[in-house]
Amino acid sequence: MLEQTTEMDRRKELGRFLRAMRERVEPSRHGIRTGTRRRASGLLREEVALLAGISATWYTWLEQGREANPSAPVLNALADVLGLLPVERQHLFKLAKPEWLPEAIAPEGPSPDPRIAALLATLSPNPGYALNRAWDFIAWNDEAADLFGGFDPDEPTKSNLLKRLFLDPAWRALFADWEVVARSAIGQFRAATVGYASAADIRAVLDPLKALSPDFARQWAEMRVEEASIWSKGLVGPSGKVATYDYFMLAPAGVGKDITLSLYRKRG
């Protein structure tokens, strides 16, 4: 029964993703002229199907989350029509062809490898923390605790990165470009957890956030996917001055995306 529910959730997620990507495409990109009476945003389902060389009825089934088995050429054709970025194309394949994913292994427990904590300590004075696959904080160094207002595994709002971003007012005020940081975090989380999106530890993060944060529900519905990148973040200090940090997310060899390290290096 669990596998059936997961399969249904995956198909629905695929349909939502296709619709969101379709609605962002300008028809003029494909030489389609639209009249003033057209109210629908982006491409119509029939237009996507025609451009991809597939049946309009079959494509509609995909968006409706009905059972289908698209081939790799069809998925590539849809990705081309929708103008998907490489990470978005990969996400499409992961949703449509989960059998191509390695089997997701549930985490054994909340305790990280002690060597992770030791590694973070050696990074001083650069702040750093470790996340598990649900983005719970599992280890950090003193500099990270000072910079981010402490971590508390027993406090829901302070135990998880996404919950911290959307439910902790202090974190909303901490990031100078909070909207950009939050939207990017959602895109990365969706991409990283596509293989086990229905798992209990992932639902324990997503379900409360959708219920408690209108901002999260709105941004999650955008269906954005992103890869972790090296970029800079502006953090607001106690005096109100913004300090710029270079940010890196790394995955230790041997653990894939089950554990990631987030590192900050202050400029100047």
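As a reminder, the structure under discussion sits directly above these lines.
The structure contained in this document is the topic of the report that follows.

## Re the packing of helix α2 (residues 45-52) against helix α4 (residues 72-82)
The N-to-C vectors of α2 and α4 enclose an angle of 120°; their axes lie 9 Å apart at closest approach. Between α2 and α4, the interaxial angle falls into the category oblique. At the point where α2 passes α4, the crossing takes the right-handed sense. Across from V48, L51 and A52 in α2, the residues of α4 making contact are A77, L78, V81 and L82.

## A closer look at the pairing of strand β5 (residues 260-266)
Most of β5 is tucked away, with five of its seven residues classed as buried. Pairing of strand β1 (residues 128-131) with β5 involves four bridges; the strand directions are antiparallel. Paired with G128 across the bridge in β5 is L263. As paired elements, strand β4 (residues 242-250) and β5 share six bridges and run antiparallel to each other. By the bridge assignment for β5, Y245 is matched with K266.

## A few points about α4
Because an α-helix packs 3.6 residues into every turn, residues spaced three or four apart end up facing the same way. Among the residues of α4, V74, L75, A77, L78, A79, V81 and L82 are the ones counted as buried. Phi turns positive, to about 65°, at G83, one or two residues after α4.

## Overview of the side chain of N132
Following the sequence through the fold, N132 ends up in the loop between β1 and β2 (137-140). A polar contact is formed between the side chain of N132 and the backbone nitrogen of A134, at a distance of 3.0 Å. Side-chain polar atoms of N132 contact the backbone nitrogen of D136, separated by 2.8 Å. Those residues within four positions of N132 in sequence are excluded, and the remaining contacts are I138 and D258.

## Observations concerning the sheet that holds β4
Pairing is antiparallel across the open sheet formed by five strands, whose spatial order is β2-β1-β5-β4-β3. Two strands close off the open sheet at either side, each with one partner strand: β2 and β3 (231-236). Recorded for the sheet is a direction-independent mean angle of 30° between the axes of neighbouring strands.

## Comments concerning the pairing of β1
Side-chain alternation along β1 places G128 and A130 on one buried face and Y129 and L131 on a second face that is also buried. Sheet topology places β1 next to β2; three bridges connect them, and they run antiparallel. Each residue of the ladder has a partner; that of A130, found in β2, is A139. Between β1 and β2, which pair antiparallel one after the other, the connecting turn spans five residues, and W135 there sits at a positive phi close to 65°.

Each value, and the rule that gives it
Residues numbered from 1 in each chain as written. Predicted model: local features only at pLDDT ≥ 70, side-chain atom pairs only at ≥ 80, totals over all residues. Heavy atoms only, no water. Axes fitted to C-alpha atoms, helices over the stretch in contact; angles between N-to-C directions. Helix = DSSP H or I, 4+ residues; strand = E, 2+ residues; numbered from the N terminus. Parallel < 35°, antiparallel > 145°, perpendicular 65-115°, else oblique. Left-handed = near helix turned anticlockwise from the far one by under 90°. Contact = heavy atoms within 4.5 Å. Buried < 20%, exposed > 50% of the residue type's maximum accessible area, 1.4 Å probe, protein only. Pairing = 2+ DSSP bridges. Polar contact = N/O pair within 3.5 Å; in protein donor to acceptor, adjacent residues only side chain to side chain.

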